[in-house]
Structures are given as C-alpha cells and as structure tokens.
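# Examination of the molecular architecture
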Amino acid sequence: MLNEKLLNLLNQQVNKELYSSYLYFTMSNHLHELSFYGASNWFKKQASEEFEHATKLMDYIHQENGKVHLEAIKVEQFKFQTLKEAFEITLKHEQYVTSLIHDLFALARELKDYRSEVFLTWFVNEQSEEESSVNTLLEKINLIGDCKNLLLKFDSELASR
Ligand SMILES: [Fe+2]
Ligand SMILES: [Fe+2]
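Residues numbered from 1 in each chain as written. Chains lettered and ligands numbered in written order. Predicted model: local features only at pLDDT ≥ 70, side-chain atom pairs only at ≥ 80, totals over all residues. Heavy atoms only, no water.

### Notes on the coordination of the iron ion (ligand 1)
Ideal geometry at a metal centre: 109.5 degrees between donors when four sit tetrahedrally, and 90 or 180 degrees when six sit octahedrally. Using the following cut-off: Sites may look incomplete, because water is not among the atoms used; the donor set itself consists of N, O and S atoms within 2.8 Å of the metal (3.2 Å for Na, K and Ca). The secondary structure listing takes helices from DSSP runs of H or I that are at least 4 residues long and strands from runs of E that are at least 2 residues long, numbered from the N terminus. The buried label goes to any residue with under 20% of its type's maximum accessible area, the exposed label to any with over 50%, and the partly exposed label to all in between, with areas taken from a 1.4 Å probe on protein chains only.
For the iron ion (ligand 1), every protein donor is listed as E17 (OE), E50 (OE) and H53 (ND1), and the spread of their distances is 2.1 Å. Between consecutive donor residues of the iron ion (ligand 1), the sequence gaps follow E-x32-E-x2-H. Metal-to-metal, the separation of the iron ion (ligand 1) and the iron ion (ligand 2) is 3.4 Å; E50 coordinates the two. Pair noted here: E17 is in helix α1 (residues 4-33) and H53 is in helix α2 (residues 37-63), with a separation of 36 residues, a long-range link. There is no split in this pair, since E17 and H53 are both buried.

### Concerning the coordination of the iron ion (ligand 2)
Note the threshold: Only two sets of limits are used to name each site, 85 to 135 degrees for every angle of a tetrahedral four-donor site, and over 155 degrees for opposite donors with all other angles from 65 to 115 for a square planar four-donor or octahedral six-donor site, with any other site named irregular.
Coordination sphere of the iron ion (ligand 2), protein contribution only: E50 (OE), E94 (OE), E94 (OE) and E130 (OE), at 2.0 to 2.5 Å. Around the iron ion (ligand 2) sit four donor atoms, and with donor-metal-donor angles ranging over 54 to 148° the site reads as irregular. Mapped onto the sequence, the residues coordinating the iron ion (ligand 2) show the spacing E-x43-E-x35-E.

### Overview of the packing of α2 against helix α3 (residues 83-110)
Helix-helix packing is described using two parameters, namely the angle between the two axes and the distance between the axes. Note the cut-off: For every element, the axis is a line fit to its C-alpha atoms; helices are fit only across the contacting stretch, and the angle between N-to-C directions ranges from 0 to 180 degrees. Angles are sorted into four bins: roughly parallel if under 35 degrees, roughly antiparallel if over 145, roughly perpendicular if 65 to 115, and oblique for all others. Each helix crossing is assigned a hand: it is left-handed if the near helix lies turned anticlockwise from the far helix by less than a right angle, otherwise right-handed if that turn is clockwise. Throughout, a contact is declared for two residues whenever any of their heavy atoms are within 4.5 Å. Note that Gly is not counted as nonpolar here; it falls among the polar residues with everything else outside the nonpolar set of Ala, Val, Leu, Ile, Met, Phe, Trp, Tyr, Cys and Pro and the charged set of Asp, Glu, Lys and Arg.
Between α2 and α3, the least distance of the axes is 12 Å, while the angle of their chain directions is 15°. The angle between the axes of α2 and α3 places the two elements in the roughly parallel class. Between α2 and α3 lies a crossing of left-handed hand. Contact residues: A39, W42, F43, Q46 and E50 in α2; L83, A86, F87, T90 and E94 in α3. Residue composition of the contact of α2 with α3, grouped by class: six nonpolar, two polar and two charged.

### A word on the environment of L151
Looking at the element boundaries, L151 is found in helix α5 (residues 148-158). Take L151: its relative accessible area is 21%, and that puts it in the partly exposed class. Every residue in contact with L151, bar those within four places of it in the chain, is listed here: F36, L83 and I144.

### A look at the pattern of salt bridges
So the rule is basically this: When a carboxyl oxygen of Asp or Glu lies within 4 Å of a side-chain nitrogen of Lys or Arg, that pair is called a salt bridge.
Scanning the entire structure with this criterion turns up five salt bridges. Put simply, R161 and E49 hold a salt bridge, and the shortest N to O gap is 3.2 Å. Residue R161 is located in the segment after α5, and its partner E49 is located in helix α2; the two are separated by 112 residues in the primary sequence. For R161, a relative accessible area of 30% corresponds to the partly exposed category.

### Regarding the environment of E49
Residue E49 is classed as partly exposed on the basis of its relative accessible area, which comes to 27%. C-alpha of E49 to C-alpha of Y24: the two residues are 25 residues apart in sequence and 10.0 Å apart in space. In this structure, E49 is in contact with E126, E130 and R161, ignoring residues within four places of it in sequence.

### Examining the packing of aromatic side chains
The test is simple: Between the rings of Phe, Tyr and Trp (Trp by its six-membered ring), a pair exists once the centres lie within 6.5 Å; its type follows the angle of the planes, with under 30 degrees stacked, over 60 edge-to-face, and the other angles tilted. Definition used: whenever NZ (Lys) or CZ (Arg) falls within 6 Å of the ring centre and also within 35 degrees of the ring normal, the charge is taken to sit over that ring.
One pass over the structure, following the stated rule, counts eight aromatic pairs. Relative to F87, the ring of W42 has its centre 5.1 Å away and its plane inclined at 75°; by these criteria the two rings are edge-to-face. Of this pair, W42 sits in helix α2 while F87 is found in helix α3, placing the two residues 45 residues apart along the sequence. Measuring from centroid to centroid gives 4.0 Å for Y60 and F119, while their planes differ by 5°, and the two rings are stacked. Of this pair, Y60 sits in helix α2 while F119 sits in helix α4 (residues 114-144); the two residues are 59 residues apart in sequence, bridging distant segments of the chain. The pair Y60 / F119 is uniform in exposure class, with both members buried. Taken together, Y24, W42, F43 and F87 form an aromatic cluster joined through their ring pairs. Geometry around W122 places K56 over its ring, the cationic atom sitting 4.3 Å from the centre.

As structure tokens, this is what we get:
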C-alpha cells in the first residue's frame, strides 16, 4: 500500500512524463517544419521514451494497488528557430524533471518505502543519462558554430537515433 503523499507525487510524475512526451512531439513537429528532419526524428524518439516512462510509473502504481489519475495536457507552441535553442529548452526541462524525481526519491527514503526507492532508482539513473546526452549534443552544436555544412551533417546524424 502506497503512502498517500507518495501516491500523489507518483501520479503527478505520470502526468509530467506524459507532458514531456507531448512537449517533445510538439518540438519534433516544429523541427520538421524548420526542415531539421534529423532532429525532428530525435525528438520523436524522445517523445516515445517519455511515454514509456509514464507507462512504467502507471504499472508500478497498479502493482502497488494505487489508482492512476490522468490530467489534461496543454503544451505551448514554439517559436524557436535553431537546434541550439531546441536543445537548450530540452536541457532545462530535463533538469526540472530530475528535480522532481529527486523529490520523489527523497520522500520514498523518508517514508522508509524501500520498494519505491528501488523502483525510483531507475529514474534517477535515466535522468542522469538524459541530461548527459543532451549536454553532449549542445557541446557539439557550440563547436559547429555558424558552419551550415557541419550543422546539416549533425542534423542527419540525429536521424539515425
Ligand atoms: Fe522521462
Ligand atoms: Fe526525459
């Protein structure tokens, strides 16, 4: 049986992961319209990973006899024009999600809910990987600078994710 406060936070996290999925689909579509087809593909893959995270959390809530509450999702429309901006938005968002996961983990630990703590370890590691991969992409983008040829090459590399 899950503690009520923890269950509420887990539910909030399900909705944040679904929001992330929706956010990345929106960005993927916007990048497609900007003709960054590789990056568009990268964000589409990212969106389905976030959907899987939501599924993982819902499965865990059910496994522990909790009830899932889904909320309406609203995502702003983007005006960014560059890959750099797209990945900066992503890094900021992932850092925010990391802080939410850490709050959840801290609560599970405080409650001595060892099961939830072990379950959440996967998300702690996942956030570390996500931040690191986005950081690497941003470093590459910074090295590329204003070189259009390299930028297009970088974009096509993102197509193979
Ligand atoms: Fe996620
Ligand atoms: Fe993520």
